[in-house]
Amino acid sequence: MWKCPKCGREFKKRDQSHYCGKAPGNIDEYIAAQPEERQRYLTLVRNAVSEAIPEAEERISWSMPTFWKKHNIIQFAGFKNHIGLYPGPEAVEEFGGRLKGYKTSKGTIQIPYGEDIPLELIRDIARWCYETGNHP
């Protein structure tokens, strides 16, 4: 077990990504709380999703940035080495051909930092989740 030196919470993984203290109240706070080198990438993902589904409401759900309209449409989160995009398992299956080269698992896509962020693909996935009602 690893214990965070700042907040004292215990985790199975060493240096587990988490929030010390109060969870962010909105996506601006979430991004601002991330290390500076990650903020640009998270902002790019946020903007791509927002452009694709401007009618969706931004909120924090499960401590992650979430786009919502009567239900969660798509979520994302910053981690140590990647951005996790959470469109749900149906979206990962639907876009499988375009996700070659990205690590995926049940409803999750990992987009490494330091690479070009596939903004058009993210927009397409967000639109598909919204239009089909498939969501995480």
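Residues numbered from 1 in each chain as written. Predicted model: local features only at pLDDT ≥ 70, side-chain atom pairs only at ≥ 80, totals over all residues. Heavy atoms only, no water.

Asks: What's the story with the sheet that holds strand 8 (residues 108-112) in this structure? I'm lost.
Replies: Two pairing modes exist for strands in a sheet, parallel and antiparallel, and in both the strands are linked by backbone hydrogen bonds. Across the sheet, 6 strands lie side by side as 3-4-5-6-8-7; this open sheet has antiparallel pairing. Edge positions in the open sheet fall to strand 3 (57-61) and strand 7 (103-105), since each of these has one partner strand only. With direction set aside, neighbouring strand axes in the sheet form an average angle of 25°. Relative to strand 5 (residues 72-78), strand 4 (residues 64-68) runs antiparallel, the two sharing 3 bridges. The residue of strand 5 that forms the bridge with Phe67 is Ile74. Lying over the sheet, helix 2 (residues 36-52) contacts strand 3, strand 4, strand 5 and strand 6 (82-86), oriented at roughly 170° with respect to strand 5. Lying on the sheet, helix 4 (residues 119-132) is in contact with strand 5, strand 6 and strand 8; it crosses strand 5 at an angle near 145°. (Pairing = 2+ DSSP bridges. Helix = DSSP H or I, 4+ residues; strand = E, 2+ residues; numbered from the N terminus. Axes fitted to C-alpha atoms, helices over the stretch in contact; angles between N-to-C directions. Contact = heavy atoms within 4.5 Å.)

Asks: Which parts of the structure should I look at to understand the side chain of Thr108?
Replies: Tracing the sequence through the fold places Thr108 in strand 8. Excluding residues that lie within four positions of it along the chain, Thr108 makes contacts with Leu85, Tyr86, Val92 and Lys103.

Asks: I would appreciate a short explanation of the pattern of salt bridges in the present structure.
Replies: Side-chain pairing between opposite charges can occur once the charged atoms of the two side chains come close. In the structure shown here, the tally under the stated rule is 7 salt bridges. Across the pair Glu51 and Arg123 runs a salt bridge whose closest N-O atoms are separated by 2.9 Å. Taken together, the positions of Glu51 in helix 2 and Arg123 in helix 4 put the pair 72 residues apart, joining distant regions of the chain. (Salt bridge = Lys/Arg side-chain N within 4 Å of Asp/Glu carboxyl O.)

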